[in-house]
Amino acid sequence: MACYFPLAYIWATYEDLVGEWAQTYSFLAAALLAIMVALRPTQYRWFFALLAVACSYVFLEEISWGQRIFGFETPEFLKSRNLQGEANIHNLFTGPHKTLLKDLISVAVSIALAGYGLLYPLLQKFGWRIARWFDRIGVAAPPLILWPFFTLAAFFELKPLSFNEAEVAELLIAFALATTALHYLFSTRHELLPDGGDWNRNHALAFGQQVIVLAVALLGIAGATTVGFYSVPANKLRVDNRIENGIEKFAGRYERYDRCDIANELYQMLLDKEPERVYILRKSAACYRDIGQDDRYEETIAKAIRVDLDKYADEPWRASVNQSLVRSYRLAGNEELAQAHLDEALHIGITRITEYPDSASAAYSYGRTLHLAGRPDDAFEQFKRAYDIDRTSSRYRRAYFAARAALDD
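Keep in mind that this is a model prediction, so the values were computed, not measured.

(A) Fine view of the pattern of salt bridges. Following the criterion strictly, the structure yields 15 salt bridges and no others. Of the charged contacts, one joins K283 and E255 as a salt bridge, the two residues approaching to 3.4 Å between their closest N and O atoms. On the criterion of sequence distance, the pair formed by K283 in helix α13 (residues 278-290) and E255 in helix α11 (residues 233-256) is long-range, its members being 28 residues apart. The class for K283 is partly exposed, based on a relative accessible area of 23%.

(B) Highlighting unusual backbone geometry. Positive phi, close to 50°, is recorded for K159, a residue that is not glycine. One can find K159 in the loop between α8 (147-157) and α9 (165-189). In this structure K159 comes out as partly exposed when scored by relative accessible area, which is 28%. Here N164, not a glycine, exhibits a phi torsion of approximately 65°, which is positive.

(C) Spotlight on the packing of aromatic side chains. Counted under the stated rule, the structure contains 28 aromatic pairs. Measuring from centroid to centroid gives 6.0 Å for W46 and F47, while their planes differ by 85°, and the two rings are edge-to-face. A relative accessible area of 14% means that F47 is categorised as buried. A network of ring pairs unites the aromatic residues Y44, W46, F47, F48, Y116, Y120, W133, F134, F150 and Y184 as a single cluster.

About the thresholds
- The numbering scheme is per chain: residues are counted from 1 as the chain's sequence reads.
- Only residues with pLDDT of 70 or above have their local features reported here, since the model is predicted, and side-chain atom pairs are shown and tallied only from 80 upward, although totals for entire chains, interfaces and linings are computed over all residues.
- The side-chain quantities take in all heavy atoms of the structure and omit both hydrogens and water.
- Any Lys or Arg side-chain nitrogen located within 4 Å of an Asp or Glu carboxyl oxygen qualifies as a salt bridge.
- Put simply, DSSP marks the helices as runs of H or I at least four residues long and the strands as runs of E at least two long, and each gets a number from the N terminus on.
- Here's how the labels work: a residue is buried when its accessible area is under 20% of the maximum for its type, exposed when over 50%, partly exposed in between, all with a 1.4 Å probe on protein chains only.
- Two rings from Phe, Tyr or Trp (for Trp, the six-membered ring) form a pair when their centres sit within 6.5 Å of each other. Planes less than 30 degrees apart are called stacked, planes more than 60 degrees apart edge-to-face, and all others tilted.

Below is the structure:
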């Protein structure tokens, strides 16, 4: 889907769309089913009570404790500290930015998933003493047949492809936990052994039907929620912007995989909506150049420069206009004009920093110019300065973490 149907993949993995709602409801289903198992007199009661609490917490985090439904403002405390600017707790530690802590958490979660979803049921199947001890104290092993869900989730949790596959991992985890809880509920209701030792064909068919009903119900509710959410004008605008950002991000990822043909299809979608968006014109021109369509490359980069120069004629004092011209001229191979506008942007940046030392926007703009000038350490200092002045800005937050990650690499 990611390779051949990128728009469908975006709808399947981005927030407030079908896939995200499916994982949210799957965690809710896992919590509810776990509560039902915890209320039955089995040795696994404490485990499913704990699972119910954990899945309930994840469900509430997924909807940002109601923010994604009711649209309330993020509290100031969280807004300045949350890596995604949302009303949830987990983004205090992880988020859309690369950090060492985020990477460590991903590795830990991956190991835990493989251990619980594959290793533990395998050891139990072959009667290892440690597995029998865990079972005796009430640690419920998932059905071994769910190992593909847990192991694929463990793999995707490491984000090896950089295609938003961690969202796929969350859906696999949520559905596997819901199915595990359903499995134990079915076993206790029919007085069967959870390991399936005394199940017959009828039991297996009946349980299989329940799993199918659960999957269809979750997808149906997720689809209905997406339609209902999207029908609200304010939500539609937010989702459309998110999809547009997703198209832009995915196009860049296709470029990194040398699939400029797919990348340019996505860029053309954006240009159909905003034909004079210079950043996308440059990206499209680079794609045409890389796939050998020189005429289209020259035509597209010439258009980008023309749009830039029109803006420069009106606002020559804007650093962002000069920065854009630097990028456009560099792509066109005109280093002389690129350097002239870089010098102008540096002069504007120094002037603004001197006149407005407490301005986050001045520091951020100057940081972007320093990045263009090939001075990453100085650029990072300015991005950090902007972020320290205004920690509520998602723009400054992204720039700071991106610059820090680049220095770490």
